[in-house]
Amino acid sequence: MKRPFDFIIEKLVFLSGFASIIFVVLIFVFLLKEGLALFSTFGVGNFIFGRNWYPISDPPQFGILPLILGSLLVTAGAIIISVPMGLAAAIYIAEVAPSNVRTVLKTGIELLAAIPSIVLGFIGIITLAPVLKSIFHLSSGLTALAGSIMLAFMAMPTIVSIIEDAIISVPKSYKEGSLALGATHWQTIYRVILPAAGSGILAAMMLGIGRVIGETMAVLMITGNAAVIPTSFLQPVRTLTATIAAEMGEAVAGSEHYSALFAIGIVLFIFSFIINLLAEYFLHRGPRRKRKK
Amino acid sequence: MDEKLKQKIAFNILLIITILIVAPVVLIFLLVLVRGLPGLSWEFLTAIPRDGMRAGGIFPAIVGTIYLTLGTAVFSIPLGILAAIYLNEYARRNALTRIIELAIINLAGVPSIVYGLFGLGLFVTFLGFGASILAGSLTLSIMTLPVIITATREALNAVPQSFREVSFSLGATRWQTVRHVVLPNAIPGILTGTILGLSRAAGETAPILFTVAAFYLPRLPQSVYDQAMVLPYHIYVLSTQVPNVSVKIQYGTVLVLIGMVFIMNILAAWLRARFRRRKVW
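What comes next concerns the included structure. (Residues numbered from 1 in each chain as written. Chains lettered and ligands numbered in written order. Predicted model: local features only at pLDDT ≥ 70, side-chain atom pairs only at ≥ 80, totals over all residues. Heavy atoms only, no water.)

**Concerning the overall build of chain A**
Next, step 1: Each helix and strand counted, chain A has twelve helices and two strands in total.
Next, step 2: Mapped from its N terminus to its C terminus, chain A presents α and β elements in the order α-α-β-β-α-α-α-α-α-α-α-α-α-α.
Next, step 3: In terms of overall dimensions, chain A has C-alpha extents of about 75 × 75 × 30 Å along its principal axes.
Next, step 4: Contacts in chain A between residues at least 24 apart in sequence constitute 71% of all its contacts with a sequence separation of at least 6.
Next, step 5: Separation of charge centres in chain A, based on 20 positive and 14 negative side chains, amounts to 12 Å. (Helix = DSSP H or I, 4+ residues; strand = E, 2+ residues; numbered from the N terminus. Contact = heavy atoms within 4.5 Å. Lys, Arg positive; Asp, Glu negative; His and termini not counted. Charge placed at Lys NZ, Arg CZ, Asp CG, Glu CD.)

Shown next, in the form of C-alpha cells:
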C-alpha cells in the first residue's frame, strides 16, 4: 500500500532519531582516539594532578591541575554571583512584575542570550577590565574575578528561565492555600513557592555550571591566561577551555601537545556529561510539571 | 503591618537586582551602536581588509559567516526535524527513547570548544576535508541539532492529539498524518526555533577556530573545501591578535555581527507572534 517515497522517508525518520546517540558516541570516540596517546606516555595521574603546564618546554610538562583549579575558581565565582541574582530576577518576573513590565524584562534577558560570547568578551576587555583594575589597584584587570562576572552574566538567561519555569509550575493551589491562611505574598513566595520549586533551582544551578565551565571565548579573552595555580580572584588564571582554544593553533597534529589538548577535551566532556545528567535528574524530580499550552 | 513593610522592601530589592541584570544588556547594545555606527560605510561592508586588517572592509568575513550559517542550515534542519518527528510521532515510551533524549541533552551541554576538537578530529583530519566551510558547517550543525530538535518537538507537541486521531480514523498512515496534518500546523514553531538555533551558530567562535576560520584571507571562498574568514573569529583577531586596530573598525565589526544575529532573532520573534495570533484551537 505504501508508496516508495513514504517508505524511504520513514526509514530516514528512524535513522535521524538515532543520530543523536551516534553523535555523542562519535564525539567521545574521537576525543579518545586523539587524546589517549598522552596517557600512555605521560600517565593519567601526572596529567590530572601535575602542577605544571609547560607544553613546549623540553621535556614538556602536561599537568592540568592549574587549569582545573582555574576553571573551578572562575566557575565558583560565577555561580556565587549568578544563582542568587538569577533567583531574585526569576521571582520578580514570575511573581511580582505586572505583565507589561514582565514582557520588557523577559525581552531584555532574551536579548542577553542572543549576544555571542565573543562580543561579551570584547565588551568585557574594554569596559569591565579597566573598572576592576582601578577599583582593586591591579596591574591588569584581566583576572579570575573579571571572568566570573562576565560568565555570571552569560549564565543568567539559562538560570532565570529555568527557575522561572520551576516557579510557574508550582501548583496554584499551594499559593492560594497560603494566601487564604493570611500569609502575605512575600511570605508565600519564600515559605511555600520557593521550597516547592527547590529542585528546579538546583537544576538551574547545574545547567548554569555546565554553561559556565564550557564557555571558551569570553574567558580566553578576559581571564588573563596565566597557567599557574590560582590563590585569589584578583589574579589572572587560565581555564581548561581557554587552553585548548589558545594552543591548538600552534600544536603540531599528532604531537604530544596535540593529544594533551584532546585529553583536556576528554576531561571537559566527562564533566559536562555528569553535570547534565544531574540537571536532568533535578528537573524531573520536582512537582509534576504541568503541560504548557 | 510589619509583614506588609517587609514585603515592600523585599519586592524592591528583587526589582533592583533584576534591573542590575537587564540594564547592562541595554548599555551594551547602546555602546556597540554608538561606537559602531561611525565605522559603518559602504566600503566597510563591501571591501576586503587592507593594511594588516587595520583598514578597508570586512566583506570576506560577512560572506564567510553567511556561507557557514547556510551550510549549517542545510545539514541541521532536515536532520533535526526528522529526529524530532521520530521522537514525537513514532517512538514509544521505552528505554531506547529515553537514551535518545539523554543523548540530546548531552549534545546540548557539550562545551563548544569540545565540538571544535571533535570537528578537527573527525571532519578536518579523519575524513580529510581540511579546515573548510564543509568541516565548519558540519561541526556547527551537530552543535545546533539539539536546539532544533527541542524546538521542533515543542511545535509538534502543540498540535492537538485530536487532529491526528481524525486523520488516522480516515485511514491515513502515520507518515501521511505527519506530512499532511501535523507538520503544516507545526511549521511556524519549527521555523522560529530553527532560526534561533542558527543565529546562535552564526555567533559561535570556539567550534570554528580549528575547523574553518582563517586569520586573514583577502578573497572570497571558492568552494566548500576552502577556508573562510568569519565575523566572530575576526572580532577575536581584531581585539587580541592585531595591535593598533582603530576602535571604529573593532566596534563596526561587532555591530555587523550583532546586527546579523539580531535580524535573525527579530525574524523568529515576528514569525512566532504572527502565527500565534492565527491559531484557533
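Alright, that's what it looks like, and here's the rest.
**Details of the side chain of B:Thr205**
Next, step 1: On the secondary structure map, B:Thr205 appears in the loop between α8 (174–203) and α9 (231–241).
Next, step 2: Once you skip the residues sitting within four places of it in the chain, B:Thr205 turns out to touch A:Ile118, A:Met217, B:Pro232 and B:Tyr233.

**Observations concerning the pattern of salt bridges**
Next, step 1: By the definition in use, this model includes 13 salt bridges over all chains.
Next, step 2: A network of salt bridges, in which partner residues are shared, links A:Glu280, B:Arg93, B:Arg98, B:Glu101 and B:Arg153. (Salt bridge = Lys/Arg side-chain N within 4 Å of Asp/Glu carboxyl O.)

**Considering the packing of aromatic side chains**
Next, step 1: In the structure shown here, the tally under the stated rule is 20 aromatic pairs over all chains.
Next, step 2: For the ring pair A:Phe14 and B:Tyr90, a centre distance of 5.5 Å and an interplane angle of 70° mean the geometry is edge-to-face. Taken as a pair, A:Phe14 in helix α1 (residues 4–42) and B:Tyr90 in helix α3 (residues 59–90) lie in two separate chains rather than in one.
Next, step 3: Note on A:Phe14: relative accessible area 29%, which makes it partly exposed.
Next, step 4: Using a relative accessible area of 15% as the deciding quantity, one classes B:Tyr90 as buried.
Next, step 5: Look at B:Phe29 and B:Phe262: their rings are 5.2 Å apart centre to centre, the planes differ by 50°, and that puts the pair in the tilted class. (Phe/Tyr/Trp six-rings, centres within 6.5 Å; stacked < 30°, edge-to-face > 60°. Buried < 20%, exposed > 50% of the residue type's maximum accessible area, 1.4 Å probe, protein only.)

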